[in-house]
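Breakdown of the fold
Next come the chains, spelled out residue by residue.
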Amino acid sequence: MSRLVVVSNRVALMEEGKQAAGGLAVAILAALKKTGGIWFGWSGKVVDGESQVEPTRTEAGKLTYATLDLGRRDHEEYYNGFANQTLWPLFHYRLGLISVNRRTREGYERVNAYFADKLEPLLRTDDMIWVHDYHLIPFGDELRRRGCSQRMGFFLHTPFPPPELLTALPNHRDLIRELCAYDLVGFHTITDLRGFCDYIRTETDGTVEQRGAYGTAMIRAFGRTLLAKVFPISIDTPALESLARTAGRSRQAERLRESLVGRRLIIGVDRLDYSKGLPQRFAAFEQLLESYPEHCNRVSFLQVAPPSREDVPEYIAIRRELSEMAGRINGRFAEFDWQPIRYLNRSFGQRVLAGFYRLANVGLVTPLRDGMNLVAKEYVACQDADDPGVLVLSQFAGAAHEMGEALIVNPFDIEGVGDALQRALTMPLGERKERHAALMQTLRRHDISWWRESYVDALTRAPYDFPVT
Ligand code: F6P
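Here goes a summary of the coordinates provided. (Residues numbered from 1 in each chain as written. Predicted model: local features only at pLDDT ≥ 70, side-chain atom pairs only at ≥ 80, totals over all residues. Heavy atoms only, no water.)

1. Comments concerning the overall build of the protein chain
Stated formally: Secondary structure is summarised from DSSP: a helix means a run of H or I of at least four residues, a strand means a run of E of at least two, and numbering begins at the N terminus for each. Within these notes, the globule rule equals 2.2 Å times the number of residues to the 0.38 power, and the radius of gyration is based on C-alpha atoms. Throughout, exposure labels follow a simple rule: accessible area from a 1.4 Å probe, protein chains only, divided by the maximum for the residue type, with under 20% read as buried, over 50% as exposed, and the rest as partly exposed. Two residues qualify as a contact provided that any one of their heavy atoms is within 4.5 Å of a heavy atom in the partner residue. Only the protein chains shown count as cover for residues, and the accessible areas themselves come from Shrake-Rupley with a 1.4 Å probe. Residues scored as positive are Lys and Arg, those scored as negative are Asp and Glu, and His as well as the terminal groups of each chain are ignored. Taken as the charge location is NZ of Lys, CZ of Arg, CG of Asp or CD of Glu.
When its secondary structure is counted, the protein chain shows 16 helices and 16 strands. A compact globule built from 469 residues should have a C-alpha radius of gyration of about 23 Å, and the protein chain, at 23 Å, falls within 12% of that. Referenced to the eigenvectors of the C-alpha coordinate spread, the extents of the protein chain come out at roughly 65 × 45 × 45 Å. Within the protein chain, the fraction of its 469 residues that count as buried is 60%. Intrachain contacts of the protein chain at a sequence separation of at least 6 include 76% that bridge at least 24 residues. For the protein chain, the computed accessible surface area is about 19,000 Å², with 49% contributed by carbon and sulfur atoms. One finds the centroid of the 59 positive side-chain charges in the protein chain at a distance of 4 Å from the centroid of its 60 negative side-chain charges.

2. Thoughts on the sheet that holds strand β6 (residues 151-155)
Inclusion rule: Strands qualify as paired when DSSP identifies two bridges or more between them. Whenever a helix is involved, its axis is fitted only over the stretch in contact; in every case the axis is a line through C-alpha atoms, and angles between N-to-C directions fall within 0 to 180 degrees.
In space, the 10 strands of this open sheet follow the order β3-β4-β2-β1-β5-β6-β7-β10-β9-β8, with mixed pairing throughout. What marks the edges here is a single partner per strand, and that holds for β3 (56-60) and β8 (207-210). Each strand of the sheet is rotated relative to its neighbour by a mean of 20°, with strand direction disregarded. Each of β1 (4-10), β2 (37-47) and β4 (63-71) touches helix α3 (residues 102-119); the most contacted strand, β4, lies at about 145° to it.

3. A few points about the site of the ligand
How we decide: We call a residue near a given molecule or strand whenever any one of its heavy atoms falls within 4 Å of it. Definition of a polar contact: a pair of N or O atoms within 3.5 Å, with one able to donate and the other able to accept a hydrogen when the atoms are protein atoms, and with sequence-neighbouring residues admitted only if both atoms are side-chain atoms. The residue classification treats Ala, Val, Leu, Ile, Met, Phe, Trp, Tyr, Cys and Pro as nonpolar and Asp, Glu, Lys and Arg as charged. All others, Gly included, are polar.
Lining the immediate surroundings of the ligand are R10, Y79, W88, D133, Y134, R271 and R309. One of the side-chain nitrogen or oxygen atoms of D133 is found 2.7 Å away from an oxygen atom of the ligand. At a separation of 2.8 Å, an oxygen atom of the ligand approaches a polar side-chain atom of R309. When isolated, the ligand has an accessible area of 400 Å², and the protein chains bury 69% of it. Looking at the shell around the ligand residue by residue, the class counts come to 3 nonpolar, no polar and 4 charged.

4. Some details on helix α11 (residues 313-333)
Stated formally: Here the expected length of a helix is defined as 1.5 Å per residue gap, with one fewer gap than residues. For this quantity, the arc is that covered by the directions from the helix axis to the C-beta atoms.
Along its 21 residues, α11 runs 31 Å from first to last C-alpha, staying within 8% of the 30 Å computed at 1.5 Å per residue. Those residues of α11 that fall on the buried side of the exposure criterion are Y315, I318, L322, M325, A326, I329, N330 and F333. Along the long axis of α11, the arc covered by the buried residues comes to 120°, so they all point the same way. Opposite the buried face of α11, at more than 90 degrees from it, the exposed residues are R320, E324 and G331. For α11, the elements touching its buried residues are α2 (72-91), α10 (278-291) and β13 (341-344).

5. Looking at the side chain of Q85
For Q85, the location among the structural elements is in helix α2. A residue is classified by how much of its surface remains accessible, and Q85, at 15% relative accessible area, is buried. Sequence-distant contacts of Q85, defined by excluding residues within four places in its chain, comprise N80, L97, I98, S99, V312, P313 and E314.

See the structure below:
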């Protein structure tokens, strides 16, 4: 069995040597432990001066973590700049928010080349390399330029936009040519795959051929042959189900329950990001209180929103906007013994969140555009099957492709989301159970192990210059 080398912008190795508990980290670690291998990427640290010359290696059994500290300029141009001020808004269909300049594009290419320089000496000829996310699109091409002919796969954790949007990026062809250096390119949904295939058809001389199962395409472009395929990421369903059974009785969940004094609970949990549709969500909750005043003093909305990418101006702006909105809505509706919105700029561990999800009558997941959104899946897996809460889910989250039994909403339609909240809060037990059971069937069939195994299995069969089914 080939050794697996995972490359991602962040490496889930925490400073004190403990691994992060996130589902993706657990899945990748499981794959790495099976085959042995390397997890390579940014350490999460920014240092004065130049980026680190040699990777820091941390051994853990058959697994080696190799991480690099980024110098301030590299971090600014690669991470804050091109990755998060150009590609992130572009891939989330937000052309109005993209900033385009040559300096950050060069920084992005430079850091990808630097990462390739540092990984290349650690590689063996029969390694299988799995690269993650929009920060690292050129990485495979950089390795190929250094003579690496190993099997290489890429997985995009964000949406992929249609060509009409992508072509707003100067030198978009170079980026897609770089993407075609991989043997396998994975997307969350058929919409993302279609965006990529449409680009190949309309903007290049390449060809797209549908292969075998729906959601699989053979691409021939830029002198290469690659497979592009849909692999919807998921959660560790059994682990979450069992965690939620006891987490509902944790001290924090108890405190939350007591603080509600019998009121209903709506929960939202998101990184503080403009793609998550939080202002629209706050407005929809306000709409609920306005249109259905019987909920005043009877329902609380808990929004957990840990700040992220705090140096980027658009993130500073959305944070300010949300604080103002929460203050205004609370000022308008609060009673001396009831605060409608509990808005928290902090994060919680998985166990605490599982307890909160279990307690919540409604999970409100309304991004304007999202690659997958695992909170939607986690919320469902944490419910009590005998008295489950209701998921209200944006049609623009990747998760909506598989979770049709949720209440699917258009997050731009504030009144519509307000009505969906009313429907969720008043849904009879029988309907809640039916919807929950159907959603759980999907989450049990397609969990994180299924995602990882199907991706690694497809990569094992590369290169694809022969017919695949
Ligand atoms: O959704 C894309 C993604 O890269 C996730 O994989 C990750 O959890 C998230 O964004 C976090 O972003 P950052 O590393 O910028 O904090």
